[in-house]
2 protein chains.
Amino acid sequence: MATPANPSGDGARATLAQVAARAGVSPSTASLAFSGAGPVADETRERVLAAARELDYGGPDPRARSLRTGRSGIIAVVMEDRIRVAFRDPMVVTLLDGIADEIGTAGYSLLLLTDSLERAEGGLRDAPMDAALLLGCSTDLDPAVKVLSQRQVPLIGVEAEPRLGMHLVDIDNREGMRAGAQHLHDLGHRRVGTITLPMDREHTRGPLDPEWVERSVAYTGLERLAGVRDVFPDAPAVVAAGSLIEEGLVAARALLDAHPDLTAIIGQSDLLALGAIQAIEERGMRVPDDVSVLGFDGARIDGLTSHRLTTVVQPGVEKGRAAARLALAALAGEPVESVVFRTELRRGDTTAAPRTA
Amino acid sequence: MATPANPSGDGARATLAQVAARAGVSPSTASLAFSGAGPVADETRERVLAAARELDYGGPDPRARSLRTGRSGIIAVVMEDRIRVAFRDPMVVTLLDGIADEIGTAGYSLLLLTDSLERAEGGLRDAPMDAALLLGCSTDLDPAVKVLSQRQVPLIGVEAEPRLGMHLVDIDNREGMRAGAQHLHDLGHRRVGTITLPMDREHTRGPLDPEWVERSVAYTGLERLAGVRDVFPDAPAVVAAGSLIEEGLVAARALLDAHPDLTAIIGQSDLLALGAIQAIEERGMRVPDDVSVLGFDGARIDGLTSHRLTTVVQPGVEKGRAAARLALAALAGEPVESVVFRTELRRGDTTAAPRTA
DNA sequence: AACGCCGATCGAATCGATTCGACAGGCGAA
DNA sequence: TTCGCCTGTCGAATCGATTCGATCGGCGTT
């Protein structure tokens with residue numbers, strides 16, 4: 001055989017103890033040689049590493065290490081939707097990128113989880129993790145929060161409703177949206193409609209049920225709605241089933257059918273706003289000449305060239321980074337303080353003064 | 001305190017042994033009660049679960065379990081690019097979705113890794129995983145493969161060069177691309193250029209270096225190039241720095257500058273093809289009237305409405321699923337057979353007969 | 001010259017579960 | 001009646017590392 005020498009047959013991986021034995025040192029010393037903690041003579045370390053090489057030993061087993069140290073080196077990200085849906089939202093991807101970057105340089109890896117599957121036991125309940133980030137405008141995190149906090153996993157919520165025992169990273173949703181709406185108001189708009197993110201766990205489409213506003217089930221969506229209504233108290237709202245272009249299209253059609261006199265549409269996300277643009281243009285109207293469109297998020301959307309969307313920009317990567325840092329701080333036992341980022345209105349070419357018809 | 005009773009103070013999580021003690025059974029029995037393996041009297045199980053509830057015990061510690069069983073319940077996906085870049089490619093997202101779906105229902109979770117960071121030790125080397133899927137048209141997987149195979153982790157490559165000890169999921173890249181090129185040839189095209197995926201680890205842009213073709217560093221890109229050249233042996237090629245619309249744009253500009261008489265451009269991915277469309281249109285030419293464009297992948301691209309791209313469709317979700325199934329099979333000790341999927345040409349409205357100028 | 005300290009190494013306990021083999025009854029079959 | 005067999009339970013070994021405390025020279029101080 002051309003494979004490296006392995007005394008105990010090939011299938012079995014060598015253990016640190018075997019390496020130590022071969023190097024003529026104790027397991028403790030071998031461990032120190034690998035981890036770098038504690039003083040080890042250069043000559044000894046060399047001997048250990050040589051023995052490891054001979055046995056084709058690839059370093060300490062992460063499983064054993066994590067049992068002993070109590071750390072798995074894994075930080076989980078819990079999302080509400082399945083991957084194909086969630087990743088179509090550039091905001092999610094941007095967040096994730098910030099998270100991955102930050103935890104990566106700290107030596108952690110990223111585990112992707114979905115909160116839905118209570119049946120398949122493989123996820124929240126059983127996966128090893130040192131901390132968890134709950135992502136997205138989740139409409140109901142309770143089950144996930146319950147399981148994880150019982151497991152004593154530090155929890156960081158991104159855009160989540162303030163909740164016991166969970167640290168938060170958020171933005172000034174209401175104020176940001178208010179500023180956007182005010183921009184439209186300043187331009188002269190008075191009849192403005194809005195498309196909201198999902199408002200219930202089932203992601204029901206349709207005109208906004210006033211009851212939802214009372215029951216407060218979807219934190220982010222309600223905050224942004226409140227921002228719109230701070231300026232336009234009577235703005236009609238249609239709920240989309242997700243932050244997707246096609247959802248925005250469907251919702252905007254409904255909005256325009258019910259309120260043909262709207263001069264502007266506000267999407268609670270850029271994708272919803274883009275859908276609204278499509279709906280407007282498919283009726284032969286033009287943006288912003290006939291109808292203005294305002295978005296929210298400001299994440300880069302690849303391949304969008306026809307318009308520069310006017311939108312409320314939030315610092316996505318920074319938000320992800322901050323969430324990751326909170327998790328790392330919690331793990332380091334440092335005090336954790338929730339963070340709120342500020343948004344900023346970015347003027348593109350999708351808003352203008354309404355036609356003075 | 002309103003928190004559940006916890007004899008040993010609050011910070012510490014209860015252990016299975018403590019639960020067993022409280023229920024008046026042995027740890028072995030308590031374990032069986034939780035795992036469901038082995039026979040346990042209903043009454044006993046109830047007693048154990050009750051004790052667990054009283055101690056706020058959330059089930060066995062994944063770390064300990066995974067040391068003992070040798071399984072972590074984690075399957076890693078290794079990508080070449082950082083998240084923000086990789087996830088901009090709908091093909092990657094589609095693959096990931098298939099993977100997540102399949103391993104999720106099997107009770108596994110998905111760990112996201114990047115192969116680049118050899119420095120930050122937190123990834124390939126230290127993360128717990130039962131198997132790894134190597135993703136993407138990776139230009140050089142060697143380091144990753146080395147580390148992981150030393151760790152005795154079963155390896156599945158998606159679109160990777162055949163390689164020792166690694167099972168593969170692939171498509172008929174060359175044949176698929178040949179069919180696409182043939183379609184153009186049938187339409188009457190003779191002067192066709194192509195934009196390729198990155199060809200070296202540094203992702204260098206520019207006209208294709210013939211030397212690369214010899215050295216065979218980028219499996220997928222070379223296969224697809226070969227497919228084009230099966231039909232158009234002299235087709236000029238420009239290498240892009242990634243599968244991105246803007247990369248396609250840049251490359252297509254270069255291609256059109258150098259060869260103004262091209263009647264068709266073939267992108268090795270849909271995103272590259274979309275970039276090519278932009279490049280063509282920015283010169284005041286039209287697709288397909290002046291220049292035809294052909295893509296590869298056929299993954300859904302959100303918000304693309306202006307054209308229905310003619311493209312070589314590969315079954316992305318199925319590919320992801322298949323890769324996941326191979327991994328699961330390897331873990332189950334079943335024989336693993338590599339899989340090759342077939343592609344299919346989908347005619348959109350971006351190809352037509354060349355102008356008979 | 002004696003003391004203390006530091007560098008290097010080792011022994012042994014420990015992390016928290018799973019699992020194999022053993023054992024005690026109870027029940028059905030021969 | 002007796003022999004297996006099945007069910008339910010328990011003891012003890014084990015997974016593979018980390019880490020605390022102890023040991024032991026050697027070296028610099030005063």
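Up top is the structure.
Numbering of residues begins from 1 in every chain and follows the order in which that chain's sequence is written. Chains carry letters from A onward and ligands carry numbers from 1 onward, assigned in written order. Two thresholds apply to this predicted model, a pLDDT of at least 70 for residue-level local features and 80 or more for giving and counting side-chain atom pairs, whereas whole-chain, interface and lining totals are computed over all residues. Water and hydrogen atoms play no part in the side-chain values, which are based on all heavy atoms of the structure.

*Asks:* Which residues make up the protein's contact with DNA strand C, and what values go with them?
*Replies:* In the region of DNA strand C, 24 residues are neighbours, and Thr 44 of chain A together with Leu 16, Ser 31, Tyr 57 and Arg 68 of chain B sit closest. Sugar and phosphate atoms represent 63% of those atoms of DNA strand C found within 4 Å of the protein. Polar contact is defined as a pair of N or O atoms within 3.5 Å, subject to the rule that within protein one atom must be able to donate a hydrogen and the other to accept it, and that residues adjacent in sequence are counted only when both atoms are side-chain atoms. Arg 68 of chain B is positioned such that a nitrogen or oxygen atom in its side chain is 2.4 Å from a base oxygen of DNA strand C. Counting only elements with at least two residues in the surface near DNA strand C, the list comes to helix 2 (27-35) and helix 4 (62-69) of chain A together with helix 2 (27-35) and helix 4 (62-69) of chain B. Only runs of H or I of at least four residues qualify as helices and only runs of E of at least two qualify as strands under DSSP, and these elements are numbered from the N terminus. Of the residues forming the surface near DNA strand C, the biggest block, five residues, is contributed by helix 4 of chain B. Any residue with a non-hydrogen atom lying within 4 Å of a molecule or strand is treated as near it.

*Asks:* Give me the sheet that holds strand 5 (residues 167-171) of chain A: which residues, what numbers.
*Replies:* Pairing is mixed across the open sheet formed by twelve strands, whose spatial order is 12(A)-5(A)-4(A)-3(A)-1(A)-2(A)-2(B)-1(B)-3(B)-4(B)-5(B)-12(B). Edge positions in the sheet fall to strand 12 (339-341) of chain A together with strand 12 (339-341) of chain B, since each of these pairs with one other strand and no more. Averaged over all pairs of adjacent strands, the angle between strand axes in this sheet comes to 20 degrees, irrespective of strand direction. Any two strands are treated as partners once DSSP identifies two or more bridges connecting them. Pairing analysis gives three bridges linking strand 4 (residues 155-158) of chain A to strand 5 of chain A, with the strands arranged parallel. Bridge pairing in strand 5 of chain A links Val 158 of chain A to Val 169 of chain A. We call two residues contacting when some pair of their heavy atoms lies within 4.5 Å. Only the contacting stretch of a helix is used when fitting its axis, a line to C-alpha atoms as for every element, and angles between N-to-C directions run 0 to 180 degrees. Sheet strands in contact with helix 6 (residues 90-105) of chain A are strand 1 (74-79), strand 2 (109-114), strand 3 (131-134) and strand 4 of chain A, and its direction is about 145 degrees off that of strand 2 of chain A.

*Asks:* I'd like to hear about the nonpolar core, residue by residue, with values.
*Replies:* Residues Phe 87 of chain A together with Phe 87 of chain B are the most contacted members of the largest nonpolar core, which totals 91 residues. Only buried Ala, Val, Leu, Ile, Met, Phe, Trp, Tyr and Cys residues count toward a nonpolar core, and they belong to the same one when joined by side-chain atoms within 4.5 Å. Throughout, exposure labels follow a simple rule: accessible area from a 1.4 Å probe, protein chains only, divided by the maximum for the residue type, with under 20% read as buried, over 50% as exposed, and the rest as partly exposed. In this structure, Leu 111 and Met 129 of chain A together with Leu 113 and Ala 132 of chain B belong to the second largest nonpolar core, which totals 38 residues.

*Asks:* Could you give an account of helix 1 (residues 16-23) of chain A, with specific residues and numbers?
*Replies:* In an α-helix, one full turn covers 3.6 residues, which means residues spaced three or four apart are oriented alike. Residues and elements named next belong to chain A. Here helix 1 has its buried residues at Val 19, Ala 20 and Ala 23. Burial along helix 1 is one-sided: seen end-on, the buried residues are contained in an arc of 100 degrees. Packed against the buried residues of helix 1 are helix 2 and helix 3 (42-55). One or two residues past the end of helix 1 sits Gly 24, with phi positive at roughly 75 degrees. Here the arc refers to the directions that run from the helix axis out to each C-beta atom.

*Asks:* Go over the interface of chain A and chain B with me, naming the residues and quoting the values.
*Replies:* Counting from both sides, the interface comprises 53 residues of chain A and, opposite them, 53 residues of chain B. A simple way to read buried area is as the amount of 1.4 Å-probe accessible surface that goes missing from two parts once joined, with both sides added. Across the chain A/chain B interface, buried area totals approximately 4,600 Å², and carbon plus sulfur atoms make up 55% of it. Any carboxyl oxygen of Asp or Glu that lies within 4 Å of a side-chain nitrogen of Lys or Arg is treated as forming a salt bridge with it. Connecting chain A to chain B are ten salt bridges. Of the charged contacts, one joins Asp 126 of chain A and Arg 65 of chain B as a salt bridge, the two residues approaching to 3.8 Å between their closest N and O atoms. For the pair chain A and chain B, the interface holds eight residue pairs in polar contact (both at pLDDT 80 or more).

*Asks:* Tell me what's going on with the protein's contact with DNA strand D, and back it up with residues and numbers.
*Replies:* Close contacts around DNA strand D come from 23 residues, with Leu 16, Ser 31, Tyr 57 and Arg 68 of chain A together with Thr 44 of chain B the closest. Within the side chain of Ser 28 of chain B, a nitrogen or oxygen atom sits 3.1 Å from a base nitrogen of DNA strand D. In this structure, Thr 44 of chain B approaches DNA strand D through a side-chain N or O atom, which is 2.3 Å from a phosphate oxygen. Contributing elements (two or more residues each) for the surface near DNA strand D: helix 2 and helix 4 of chain A together with helix 2 and helix 4 of chain B. No other element matches the four residues that helix 4 of chain A contributes to the surface near DNA strand D.

*Asks:* Help me get a handle on the pattern of salt bridges, residues and values and all.
*Replies:* Close approach of charged atoms lets side chains of opposite charge pair. Taken as a whole and assessed by the stated rule, the structure comprises 50 salt bridges over all chains. Here Arg 321 of chain A ties to Glu 318 of chain A by a salt bridge, and the two come within 4.0 Å at their closest N and O atoms. Placement of the pair is Arg 321 of chain A and Glu 318 of chain A together in helix 13 (residues 316-331), with a separation of three residues, close to one helical turn. The exposure class of Glu 318 of chain A is partly exposed, given its relative accessible area of 33%. Counted as one network, the salt bridges with shared partners bring together Arg 82 and Arg 84 of chain A together with Asp 97, Asp 101, Glu 102, Glu 318, Arg 321 and Arg 325 of chain B.

*Asks:* Would you mind going over the packing of helix 4 of chain A against helix 4 of chain B in detail, with residue names and values included?
*Replies:* As a packed pair, helix 4 of chain A and helix 4 of chain B sit with axes 8 Å apart at the nearest point and diverge in direction by 145 degrees. In the crossing of helix 4 of chain A with helix 4 of chain B, the sense of the turn from one axis to the other is left-handed. Contact residues: Arg 63, Ala 64, Ser 66 and Leu 67 of chain A in helix 4 of chain A; Arg 63, Ala 64, Ser 66 and Leu 67 of chain B in helix 4 of chain B. Under this grouping Gly is polar, as are all residues other than the nonpolar Ala, Val, Leu, Ile, Met, Phe, Trp, Tyr, Cys and Pro and the charged Asp, Glu, Lys and Arg. Grouping the amino acids of the contact of helix 4 of chain A with helix 4 of chain B by side-chain chemistry returns four nonpolar, two polar and two charged. The handedness criterion is simple: a crossing whose near helix is rotated anticlockwise from the far helix by less than a right angle is left-handed, and one whose near helix is rotated clockwise is right-handed.

*Asks:* Please set out the sheet that holds strand 6 (residues 192-196) of chain B residue by residue, giving values where relevant.
*Replies:* Residue and element names in this part refer to chain B. Read from one edge of the open sheet, seven strands run 7-8-6-9-10-11-13, paired in mixed fashion. The open sheet is flanked by strand 7 (206-207) and strand 13 (344-346), the only strands paired with a single partner. Running over the sheet, helix 8 (residues 173-187) touches strand 6, strand 9 (264-267), strand 10 (292-297), strand 11 (310-313) and strand 13 and is turned about 160 degrees from strand 10.

*Asks:* Go over the environment of Val 48 of chain B, please, and point to the residues and values.
*Replies:* All names here are of chain B. Structurally, the position occupied by Val 48 is in helix 3 (residues 42-55). For Val 48, a relative accessible area of 0% translates into the label buried. Note: C-alpha distance between Val 48 and Ala 20 (28 residues apart in sequence) is 6.6 Å. When neighbours within four sequence positions are excluded, Val 48 is seen to be in contact with Val 19, Ala 23, Val 25, Ala 30, Ala 33 and Phe 34.

*Asks:* Outline the relation of the copies chain A and chain B, listing residues and values.
*Replies:* Superposition of the two copies of the chain requires a rotation about an axis together with a shift along that axis. Once chain A is rotated about the relating axis by 180 degrees and shifted along it by 0.0 Å, it coincides with chain B to within an RMSD of 0.1 Å. The superposition of one copy onto the other is thereby described by a two-fold rotation axis. Across chain A, the rotation axis passes nearest the C-alpha of Leu 111 of chain A, at a separation of 2.2 Å. A shared binding surface is used by both copies, with 100% of the interface residues of chain A retained as interface residues in chain B. When the copies are overlaid, the least-squares fit takes in C-alpha atoms only where the residue has pLDDT of at least 70 in both copies.

*Asks:* Now, about the side chain of Asp 200 of chain B: what can you tell me, with residues and values included?
*Replies:* Residue and element names in this part refer to chain B. Structurally, Asp 200 is set in the loop between strand 6 and strand 7. For Asp 200, a relative accessible area of 10% translates into the label buried. Among the polar contacts made by the side chain of Asp 200, one reaches the main-chain amide nitrogen of His 203 at a distance of 2.9 Å. For Asp 200, the side chain forms a polar contact with the side chain of Thr 204, separated by 2.5 Å.

*Asks:* An account of the environment of Asn 173 of chain A is needed here, citing residue identities and associated values.
*Replies:* Residue and element names in this part refer to chain A. Secondary-structure assignment places Asn 173 in helix 8 (residues 173-187). Given a relative accessible area of 2%, Asn 173 falls into the buried group. In this structure the C-alpha to C-alpha distance between Asn 173 and Phe 341, which are 168 residues apart in sequence, comes to 9.4 Å. Those residues in contact with Asn 173 that lie beyond four places of it in its chain are Thr 220, Glu 223, Arg 224 and Phe 296. A polar atom in the side chain of Asn 173 sits 2.7 Å from the side chain of Arg 224.

*Asks:* Account for the pairing of strand 1 (residues 74-79) of chain B, with residues named and values stated.
*Replies:* Residue and element names in this part refer to chain B. The buried fraction of strand 1 amounts to six of the six residues, a majority that puts the element mostly inside the structure. Of the two faces of strand 1, both are covered, the one formed by Ile 74, Ala 76 and Val 78 as well as the one formed by Ile 75, Val 77 and Met 79. By the bridge criterion, six bridges tie strand 1 to strand 2 (residues 109-114) in an arrangement that is parallel. When the bridges of strand 2 are listed, Ile 75 appears paired with Leu 110. As paired strands, strand 1 and strand 3 (residues 131-134) are joined by four bridges and run parallel to one another. Bridge pairing links Val 78 to Leu 134 in strand 3.

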